[in-house]
Amino acid sequence: EDQVTQSPEALRLQEGESSSLNCSYTVSGLRGLFWYRQDPGKGPEFLFTLYSAGEEKEKERLKATLTKKESFLHITAPKPEDSATYLCAVHSLMEYGNKLVFGAGTILRVKS
Amino acid sequence: DAMVIQNPRYQVTQFGKPVTLSCSQTLNHNVMYWYQQKSSQAPKLLFHYYDKDFNNEADTPDNFQSRRPNTSFCFLDIRSPGLGDAAMYLCATSSSGQGGYTFGSGTRLTVV
């Protein structure tokens, strides 16, 4: 069964203090790894898709990387507005198409 | 802007009283999903429609049903809500299951 594990569960950073979130996955044939941002009381917002080991994507202060077993979301010089839950997911094959299997997320709090 | 809209944002229902949550989309995506997300947990797929074909997850309770009258709309019916069904319900869409999904803002269900 395809699985996604995220660590740490929660992370507190000072504004400007860079760090990384981890997503380890077990999947029978990677068809895409996805990062989402979720604000309290809202639906997940798409950030990145990665398809193959070595691939990297960047958006403002966020950079996602992928290896054969895990993905990292690097946050450089975070600001308080980066506070959110970050979810990682992989495509899992179903009889009809794919489904996203999510990790439980990392709750990020950035203090000014 | 093309989007996924869920109504209502917040729903309070009585124990055992049927409730319906709705989702509409303007993306013309052929696949629609319903996820359940409990506090600090990963979103969990309940079922999805691939075009008109309904696909239930094996562990989704019979208490949960869904209808998709046309491409744009999808409904989640909970026949007899229990206290354990209190959660955020997320609707998402995709084009043939490929790429990242687009999520609505969710409906927060409270059972009293």
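Quick caveat, the model's predicted, so the values are computed rather than measured.

Trainee: Please provide a residue-by-residue account of the sheet that holds strand β7 (residues 62–66) of chain A, values included.
Mentor: All names here are of chain A. Pairing within the open sheet is antiparallel, and its five strands lie in the order β1-β3-β8-β7-β6. Both edges of this open sheet fall to β1 (3–7) and β6 (56–59), since each of them pairs with a single strand only. Averaged over all pairs of adjacent strands, the angle between strand axes in this sheet comes to 15°, irrespective of strand direction. Relative to strand β8 (residues 70–75), strand β3 (residues 19–26) runs antiparallel, the two sharing six bridges. From the neighbouring strand, C23 faces β8, where its bridge partner is S71.

Trainee: Pulling in residues and values, what's your account of the state of the cysteines?
Mentor: Under the defined criterion, the tally for this structure stands at two disulfides over all chains. The disulfide that involves C23 of chain A links it to C88 of chain A, with 1.9 Å between the sulfurs. As the torsion about the S-S bond is roughly -65°, the C23 of chain A-C88 of chain A disulfide counts as left-handed. Taken as a pair, C23 of chain A in strand β3 and C88 of chain A in strand β9 (residues 84–93) lie far apart in primary sequence, 65 residues in all. Taken as a pair, C23 of chain A and C88 of chain A share a single burial class, namely buried. What pairs with C23 of chain B in a disulfide is C91 of chain B, and their sulfur atoms sit 2.0 Å apart. Judged by the sign of its S-S torsion, about -75°, the cystine formed by C23 of chain B and C91 of chain B is left-handed. Of this pair, C23 of chain B sits in strand β3 (residues 19–25) while C91 of chain B is found in strand β9 (residues 87–95), placing the two residues 68 residues apart along the sequence. Free cysteine C74 of chain B: the closest other cysteine sulfur is in C91 of chain B, separated by 6.0 Å.

Trainee: Mind laying out the pattern of salt bridges, listing which residues take part and the relevant values?
Mentor: This structure, assessed with the given rule, holds seven salt bridges over all chains. In this structure, the salt-bridge partner of E55 of chain A is K57 of chain A, at a minimum N-O distance of 3.6 Å. Across the pair K99 of chain A and E57 of chain B runs a salt bridge, and its minimum N-O distance is 2.5 Å. Placement of K99 of chain A in strand β10 (residues 98–102) and of E57 of chain B in the loop between β6 (53–56) and β7 (64–67) is noted, with the two residues assigned to different chains.

Trainee: Before we move on, can you summarise the interface of chain B and chain A with the specific residues and values?
Mentor: Contacts between chain B and chain A engage 23 residues on the former and 20 residues on the latter. Taken together, both faces of the contact between chain B and chain A bury some 1600 Å²; the carbon and sulfur share is 55%. On the chain B side of the contact with chain A, P43, Y101 and F103 of chain B bury the most area, a combined 25% of that side's loss. Applying the counting rule to chain B against chain A returns one salt bridge.

Trainee: Outline the pairing of β10 of chain A, listing residues and values.
Mentor: Side-chain positions along a regular strand alternate between the two faces of the sheet. With five of five residues buried, β10 of chain A is to be regarded as a mostly interior element. The two faces of β10 of chain A match: N98, L100 and F102 of chain A on one face and K99 and V101 of chain A on the other face are all buried.

Trainee: An account of the side chain of S94 of chain B is needed here, citing residue identities and associated values.
Mentor: All names here are of chain B. Here S94 lies in strand β9. Here S94 falls in the buried class, since its relative accessible area comes to 1%. At 2.8 Å, the side chain of S94 and the side chain of Y33 are in polar contact. When residues no more than four places from it in sequence are discounted, the contact partners of S94 are H29, N30, V31, Y33 and Y101.

Reading the values: rules and limits
Residues numbered from 1 in each chain as written. Chains lettered and ligands numbered in written order. Predicted model: local features only at pLDDT ≥ 70, side-chain atom pairs only at ≥ 80, totals over all residues. Heavy atoms only, no water. Pairing = 2+ DSSP bridges. Helix = DSSP H or I, 4+ residues; strand = E, 2+ residues; numbered from the N terminus. Axes fitted to C-alpha atoms, helices over the stretch in contact; angles between N-to-C directions. Disulfide = S-S within 2.5 Å. Buried < 20%, exposed > 50% of the residue type's maximum accessible area, 1.4 Å probe, protein only. Salt bridge = Lys/Arg side-chain N within 4 Å of Asp/Glu carboxyl O. Contact = heavy atoms within 4.5 Å. Buried area = accessible area lost by both parts, 1.4 Å probe. Polar contact = N/O pair within 3.5 Å; in protein donor to acceptor, adjacent residues only side chain to side chain.

Without other data, these values stay purely geometric and don't point to any function.
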